[in-house]
Amino acid sequence: MTAHWIDITSDGFSGYLSLPPTGRGPGIVLIQEIWGVNEHIRALADQYAQDGYVVLAPDLFWQLERRVDLAYDEAGSARARQLLQTVDSTQAAADVAAAVDVLRARPEVTGRVATLGYCFGGQMAFRAAALAQADAAVCYYGGGIAANLALAPRITMPILFHHAGLDSLIPPDAVAAIKAAFADQGNTVFLDYPGVGHGFNCWGRPSYAQKAAALAHGLTLEFLSQHL
């Protein structure tokens, strides 16, 4: 497995590219939380690369501060919230769509490409799936998806939603609204994890729940193996 940063566009937009041991495979655009393409996100990219995927994690805060790499401590989280309030989310979704196109065109990618994101990245995975027509999408506790459900009819590819049962940022009525928006579409899988909170997949956060994270990763791999 090898990994390095690449230019996605010529004006400074870059991403962390992780290649599988074979050097080739289906593609995943893996989308950051608000802490940037930090150690955790790079580790996730490497994890999916070990699973056989060509993974590109785009730097979505690049127009504010390039290659943001924040810790989950008080100072890092405060800066992360500032960046979230400042970033142009419409542009960020378009950047993800651009990353899908760039990844799809790379010689290492043998077939289809998915978007996969966490928290802020879960929303971007959802929105970019509509913009870029990715072949599949995975949204881990995507904050803000319920406010963007007008995009749901445009998302015709398979899409997987992971939701935490005790998520204080995505209440049950928001989850219910997302499910209702896709009720008449046969392309959606909803997986709920009772007893865990927002961010359960991230080992750097207090809400980390190992069993739920391991289960979600395995189910995500099953989903991706079916659609990529």
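Scroll up for the structure.
Below or above, wherever it landed, is the structure these notes cover. Since the model is a prediction, treat every value here as computed from it, not as a measurement.

## Quick notes on the packing of aromatic side chains
Here is step 1 of the chain: The tally for this structure, following the rule as stated, stands at 13 aromatic pairs.
Here is step 2 of the chain: Judged by centre distance (6.1 Å) and plane angle (70 degrees), the ring pair of Trp5 and Tyr16 falls under edge-to-face. Placement of Trp5 in strand β1 (residues 2-7) and of Tyr16 in strand β2 (residues 14-19) is noted, with a sequence separation of eleven residues between them.
Here is step 3 of the chain: Aromatic ring contacts, followed pair by pair, group Tyr118, Tyr140, Tyr141, Tyr193 and Phe200 into a single cluster.

## Side note on helix α3 (residues 89-105)
Here is step 1 of the chain: When the terminal C-alpha atoms of α3 are compared, their 25 Å separation across 17 residues agrees well with the 24 Å that a helix rising 1.5 Å per residue should span.
Here is step 2 of the chain: Among the residues of α3, those classed as buried are Ala92, Ala93, Asp95, Val96, Ala97, Ala99, Val100 and Leu103.
Here is step 3 of the chain: Measuring from the backbone nitrogen of Thr90 back to the side-chain oxygen at the start of α3 gives 3.1 Å, which picks out Asp88 as the cap.

## Topic: the pattern of salt bridges
A side chain with one charge may pair with a side chain of the opposite charge, provided their charged atoms come close.
Here is step 1 of the chain: Applying the stated criterion across every chain yields a total of six salt bridges.
Here is step 2 of the chain: A salt bridge links Arg79 to Glu65, with the nearest nitrogen and oxygen atoms 2.9 Å apart. Remark: Glu65 occurs in the loop between β4 (54-58) and α2 (74-86) and Arg79 occurs in helix α2; sequence separation between them is 14 residues.
Here is step 3 of the chain: Using a relative accessible area of 29% as the deciding quantity, one classes Arg79 as partly exposed.
Here is step 4 of the chain: Residue Glu65 is classed as partly exposed on the basis of its relative accessible area, which comes to 33%.

## Regarding the pairing of strand β7 (residues 159-164)
Looking along a regular strand, one sees the side chains alternate between the two faces of the sheet.
Here is step 1 of the chain: Burial within β7 is extensive, with six of its six residues counted as buried.
Here is step 2 of the chain: The alternating pattern of β7 places Ile159, Phe161 and His163 and Leu160, His162 and Ala164 on opposite faces, both of which are buried.
Here is step 3 of the chain: The parallel pair β7 and strand β8 (residues 188-193), bridged by helix α5 (residues 172-181), forms a crossover whose chirality is right-handed.

## A short note on the side chain of His40
Here is step 1 of the chain: One can find His40 in helix α1 (residues 39-50).
Here is step 2 of the chain: Of note is the side chain of His40, whose polar atom sits 3.3 Å from the side chain of Trp203.
Here is step 3 of the chain: Discounting residues that sit within four places of it in the chain, His40 has contacts with Glu33, Tyr72, Asn201, Cys202 and Trp203.

## Looking at α5
For an α-helix, the turn length of 3.6 residues means that residues three or four places apart are oriented alike.
Here is step 1 of the chain: Listing the buried residues of α5 in full gives Ala174, Val175 and Ile178. An end-on view of α5 places all buried positions within 100 degrees of arc, on one side of the element. Among the exposed residues of α5, those oriented more than 90 degrees off its buried face are Pro172, Asp173 and Ala180.
Here is step 2 of the chain: Among the structural elements, β7 and β8 are those in contact with the buried residues of α5.

About the thresholds
- Residues numbered from 1 in each chain as written.
- Predicted model: local features only at pLDDT ≥ 70, side-chain atom pairs only at ≥ 80, totals over all residues.
- Heavy atoms only, no water.
- Phe/Tyr/Trp six-rings, centres within 6.5 Å; stacked < 30°, edge-to-face > 60°.
- Helix = DSSP H or I, 4+ residues; strand = E, 2+ residues; numbered from the N terminus.
- Expected span 1.5 Å × (residues − 1).
- Buried < 20%, exposed > 50% of the residue type's maximum accessible area, 1.4 Å probe, protein only.
- Polar contact = N/O pair within 3.5 Å; in protein donor to acceptor, adjacent residues only side chain to side chain.
- Salt bridge = Lys/Arg side-chain N within 4 Å of Asp/Glu carboxyl O.
- Right-handed = clockwise from strand over helix to strand, strands pointing away.
- Contact = heavy atoms within 4.5 Å.
- Arc of directions from axis to C-beta.

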